Amino acid sequence: MAHAHNLAILRGLIKFKSNTQKIWGVLILLSIVTAVEVILGIYKPDSLMAHVLGMKLLNWIFIILTIVKAYYITWDFMHMRDETKSLRRMVVWTAIFLILYLIFILLQEGGYVFDVYKDGFIKRDF
Amino acid sequence: MSTTVVNAEAEGKTWGGGNQPLKASYGKMMMWFFIVSDALTFSGFLAAYGFSRFKFIDSWPIADEVFTHVPFLHGQELPMIYVAFMTFILIMSSVTMVLAVDAGHHLNKAKVTLYMFLTIIGGLIFVGSQAWEWATFIKGDYGAIQTKGGNILQFVDTNGHRVALRDFAIADTHDERTAHTRDNGLWFVSEGSLPSYTVDEVYAGLEANENILVRTQIINDEGEKTVLSREESLKQIKENGTLVVEGANLHVNEYGSPLFADFFFFITGFHGFHVFSGVVINIIIFFNVILGTYERRKSYEMVEKVGLYWHFVDLVWVFVFTFFYLV
C-alpha cells in the first residue's frame, strides 16, 4: 500500500522526516495552543479586555486559536492534507458555509431579543 | 474502424466504473459525510447556546466561577485546570489513534493493538472525568436563593469572596419539614430532595452576619457580578426570595440562569455520548485487530475509519471547551 503523506506543516516552514514524527510535532503544537488558551483564561490580562467588533479581544483570540487547533486536527490527524482537493472542499466548505450562516442568524437574533428585553420596544423591524 | 476502437477504450477508462475520482474508498467518504452532518448538529447546539447567551448577555454565568473544582483538591479554586487536563487527555488519545492508523499502514499488528488499547484508555478517562464534572456541577457548592422572577442571588463577604449557605444560615430545628415520600403520602406524587435550609433560615443568617452581602446575576462594566449594599441585600432576600437552590439541574441552577445548566447538560452530554459510542466502536475494532481480521484482509482501513470518527469527537470537544469554558 502506497501512502504518500504530505509531511510539511505551516506552509512548508516545518518539514518532518516521517509521518510519526509529524504526529508528535502536531501534538506539541496543539499542546502549546491549549496551554496559551488556559493561561490567558486564568489570568485574563486587562489589555485584552478591549471590545473589538462587539466582543472582547480575548474572546476573539480564543476563537482564532480554536480554529487553529481545529485546522491541525482535521488536516493532520484526519489526514485531510492527503485527500484530493475536491473531497477536501466538499467537506470543509459545506460545513464552514452552513455554520457561519447559522451562527450569524442566531447571534443576530439573540442580540436583538436582548435589546427588546432591555429597551422594551422594537428598534429595528426587518 | 481503428479510431472507433480507441474511442471505446477511452470511454471504458473514464465511465466503465471502478475508478475513484476522490481517491477515497466508499466507506471513508461516507464517514466524512457523516462527520459533516454531525458537525452541523453540534454547531446547531452551540449556536443555540450562543443565541441564549446573547439574549441574556448581561446576566450569563461566568464559567470561571462555575468550574473551579479539581478531584482530590477540595476547597481550592482552580478554574479551568481540570478541563484543560480533560482536553489534553482527549488530544493525547487522538494522537495514539493516529499512530494506530499509521501502524496500520505498515501492517504492524502489534503496534496497532497497543495504540488502539491506549486510545480506549484515554477515552475512558475522559468519560470518567466528564461524569465527575457533572456530579460536581449537580451537587453544587455555595448554594443560592432564587427570586420570584427566577433570578439567582448569591452571597459574598465584604471582600467579594463567595460564602456558602451552610456557613451562615441559622437552622431552625423546630421548623423542619420532612420530605414527602410515596409510601407515607400520596403514592402518585413524588418530591425531590429538599434544600438544607429554608429562605427564612437564610434570611435570619444574613441578618445576623453584618459582613455578608448579596450578589446578583447582573454583570457590571468591569465584567464582574454586581454586589448589592447591605440594606438592599436584606430587602431583596426578604421581599423576593422564594427558593433555596443548591446545585444545578434542568429546573434550577445555583450558578445563574437555568438555561446555562440545560445547555451544559445537553451539549456536554451529547458529546459525552459520542465519546462513549466512540469507545465502544474502538473496542470492537480493537478485538477485530487482535483476532487478525484486518491482517487477513491485508488492509487496516477500518482502523482509519473509526479513527476519523474519534478525531471528530476530539474536534468537537475543542469547540465545546472554547465556548463553554473560555469565552
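Quick caveat: nothing in here was measured; it's all calculated off a predicted structure.

Some thoughts on the overall build of chain B
1) Next: Scanning chain B from N- to C-terminus turns up 10 helices and 5 strands.
2) Next: Over its C-alpha atoms chain B spans a radius of gyration of 28 Å, topping by over 25% the 20 Å that the globule rule assigns to 327 residues.
3) Next: Burial analysis of chain B (327 residues in total) assigns 50% to the buried set.
4) Next: Restricting to contacts in chain B with at least 6 residues of sequence separation, those with at least 24 account for 72%.
5) Next: For chain B, the exposed area adds up to about 16,200 Å²; of that, 61% sits on carbon and sulfur atoms.

Remarks on the side chain of Asn253 of chain B
1) Next: Within the secondary structure, Asn253 of chain B is located in the loop between β5 (241-245) and α8 (258-291).
2) Next: A distance of 2.9 Å separates a polar atom in the side chain of Asn253 of chain B from the backbone nitrogen of Tyr255 of chain B.

Digging into a nonpolar patch on the surface
Residue and element names in this part refer to chain B.
1) Next: A surface patch of nonpolar side chains, about 590 Å² in accessible area, is lined by Phe85, Leu114, Phe117, Leu118, Ile121, Leu124 and Ile125.
2) Next: With 6 residues, the single largest contributor to the nonpolar patch is helix α5 (residues 109-139).
3) Next: Locating Phe85 in the fold gives a position in helix α4 (residues 81-105).
4) Next: Judged by relative accessible area, which is 38%, Phe85 ranks as partly exposed.

Overview of the UniProt feature "transmembrane region" (unreviewed entry) in chain A
Residue and element names in this part refer to chain A.
1) Next: Under the local residue numbering, the UniProt record ascribes the feature "transmembrane region" (unreviewed entry) to residues 23-43, 58-78 and 90-107.
2) Next: Between the end C-alpha atoms of residues 23-43 there is a gap of 30 Å, over a span that is 100% helix and 0% strand.
3) Next: Structurally, residues 90-107 is divided into 100% helix and 0% strand, and its ends, taken at the C-alpha atoms, are 26 Å apart.

Things to note about the interface of chain A and chain B
1) Next: Counting residues at the interface gives 48 residues for chain A and 53 residues for chain B.
2) Next: On the chain A side of the interface with chain B, the three residues burying the most area are Phe77, Met78 and Phe114 of chain A, jointly 13% of the side's total.
3) Next: On inspection of chain A and its partner chain B, the count reaches 2 salt bridges.
4) Next: For Lys44 of chain A, the salt bridge goes to Asp64 of chain B, with nearest N and O atoms at 3.2 Å.
5) Next: Taken together, the connections running from chain A to chain B amount to 6 residue pairs in polar contact (both at pLDDT 80 or more).
6) Next: With 17 residues, helix α3 (residues 85-119) of chain A is the largest single contributor of residues to the side of chain A that touches chain B.
7) Next: Residues of the side of chain A that touches chain B, tallied by class, amount to 27 nonpolar, 15 polar and 6 charged.

Focus on the pairing of strand β2 (residues 152-157) of chain B
Residues and elements named next belong to chain B.
1) Next: With 6 of 6 residues buried, β2 is to be regarded as a mostly interior element.
2) Next: The alternating pattern of β2 places Ile152, Gln154 and Val156 and Leu153, Phe155 and Asp157 on opposite faces, both of which are buried.
3) Next: Relative to β2, strand β1 (residues 144-147) is paired through 2 bridges, and the arrangement is antiparallel. From the neighbouring strand, Ile145 faces β2, where its bridge partner is Leu153.
4) Next: What sits between the antiparallel neighbours β1 and β2 is a turn of 4 residues, in which Gly150 has the positive phi angle 90°.
5) Next: Both β2 and strand β3 (residues 212-219) contribute to a ladder of 4 bridges, which runs antiparallel. Looking at the pairing, Phe155 lines up with Val214 of β3.

Let's talk about the domain arrangement of chain B
Residues and elements named next belong to chain B.
1) Next: On domain assignment, one finds that chain B holds domain 1 (25-140 + 260-326) and domain 2 (145-245).
2) Next: Centre-to-centre, using C-alpha coordinates, domain 1 lies 37 Å away from domain 2.
3) Next: At the junction of the two partners, domain 1 supplies 7 residues and domain 2 supplies 6 residues.
4) Next: Here domain 1 packs against domain 2, burying approximately 500 Å² in sum over the two surfaces, 47% of which is carbon and sulfur.
5) Next: Counting across the interface, domain 1 meets domain 2 through 1 salt bridge.
6) Next: Close ionic contact of Arg215 with Glu65 constitutes a salt bridge, the shortest N to O distance being 3.0 Å.
7) Next: Summed over the shared surface of domain 1 and domain 2, the result is 3 residue pairs in polar contact (both at pLDDT 80 or more).

Observations regarding the UniProt feature "transmembrane region" (unreviewed entry) in chain B
Residue and element names in this part refer to chain B.
1) Next: Per the UniProt record, "transmembrane region" (unreviewed entry) is found at residues 30-51, 80-100, 112-132, 263-294 and 306-326.
2) Next: Spanning residues 80-100, this segment combines 95% helix with 0% strand, and its end C-alpha atoms are found 30 Å apart.
3) Next: Spanning residues 306-326, this segment combines 100% helix with 0% strand, and its end C-alpha atoms are found 29 Å apart.

Digging into the sheet that holds β1 of chain B
Residues and elements named next belong to chain B.
1) Next: Read across the sheet, 5 strands follow the order β4-β3-β2-β1-β5 without closing on themselves; strand pairing throughout is antiparallel. Across the chains shown, the open sheet's two edge strands, defined by having one partner strand only, are β4 (225-227) and β5. Direction aside, the axes of adjacent strands within the sheet are offset by 40° on average.
2) Next: In the sheet, β3 pairs with β4 via 2 bridges, with the strands oriented antiparallel. In the sheet register, Ile219 faces β4, and the bridge partner there is Lys225.

Quick notes on the pattern of salt bridges
1) Next: The full count for this structure, using the stated rule, is 9 salt bridges over all chains.
2) Next: Of the charged contacts in the structure, one is a salt bridge between Glu83 of chain A and Lys28 of chain B, with a shortest N-O distance of 3.5 Å. Pair noted here: Glu83 of chain A is in the loop between α2 (57-77) and α3 and Lys28 of chain B is in helix α2 (residues 26-55), and the two residues belong to different chains.
3) Next: With a relative accessible area of 10%, Glu83 of chain A lands in the buried category.
4) Next: Classification of Lys28 of chain B as buried rests on a relative accessible area of 11%.

What counts, and where the lines are drawn
Note that residues are indexed from 1 along each chain, following the sequence as it is written. For this description, chains carry letters from A and ligands carry numbers from 1, given in the order in which they are written. The predicted nature of this model means local features are confined to residues of pLDDT at least 70 and side-chain atom pairs, given and counted, to a pLDDT of 80 or more, with totals for whole chains, interfaces and linings taken over all residues. Excluding hydrogens and water, the side-chain figures rest on all heavy atoms present in the structure. Working definition: helices are DSSP H or I runs of at least four residues, strands are E runs of at least two. Numbering for both runs from the N terminus. In this description the radius of gyration comes from C-alpha coordinates, and the expected globular size is given by 2.2 Å times residues to the power 0.38. Burial status follows relative accessibility: with a 1.4 Å probe on protein chains alone, a residue under 20% of its type maximum counts as buried, one over 50% as exposed, and anything between as partly exposed. Contact between two residues is taken to exist if any of their heavy atoms lie within 4.5 Å; hydrogens are not considered. Shrake-Rupley sampling with a 1.4 Å probe provides the accessible areas, and residues are treated as covered by the protein chains on show and by no other component. Polar contacts, as counted here, are pairs of nitrogen or oxygen atoms within 3.5 Å of one another; within protein the pair requires one atom able to donate a hydrogen and one able to accept it, and residues that are adjacent in sequence qualify only if both atoms are side-chain atoms. For patch building, the residue pool is restricted to those with more than 30% relative accessible area and no salt bridge; the joining distance is 9 Å between like charges and 5 Å between nonpolar side chains (Val, Leu, Ile, Met, Phe, Trp, Tyr). Salt bridges are defined as contacts in which a side-chain nitrogen from Lys or Arg sits within 4 Å of a carboxyl oxygen from Asp or Glu. UniProt positions are given in the numbering used here, feature names are shortened, and annotations may be inferred rather than shown by experiment. Buried area, as used here, totals the accessible surface that two parts lose on assembly, with accessibility defined by a 1.4 Å probe and the loss added over both. In this classification, the charged set is Asp, Glu, Lys and Arg, the nonpolar set is Ala, Val, Leu, Ile, Met, Phe, Trp, Tyr, Cys and Pro, and all remaining amino acids, among them Gly, are polar. Paired strands, as defined in this entry, are two strands with at least two bridges between them according to DSSP. Domain boundaries shown here were taken from an automatic or database domain assignment. Here the axes come from fitting lines to C-alpha atoms, over the contacting stretch only for helices, and the angles between their N-to-C directions go from 0 to 180 degrees.

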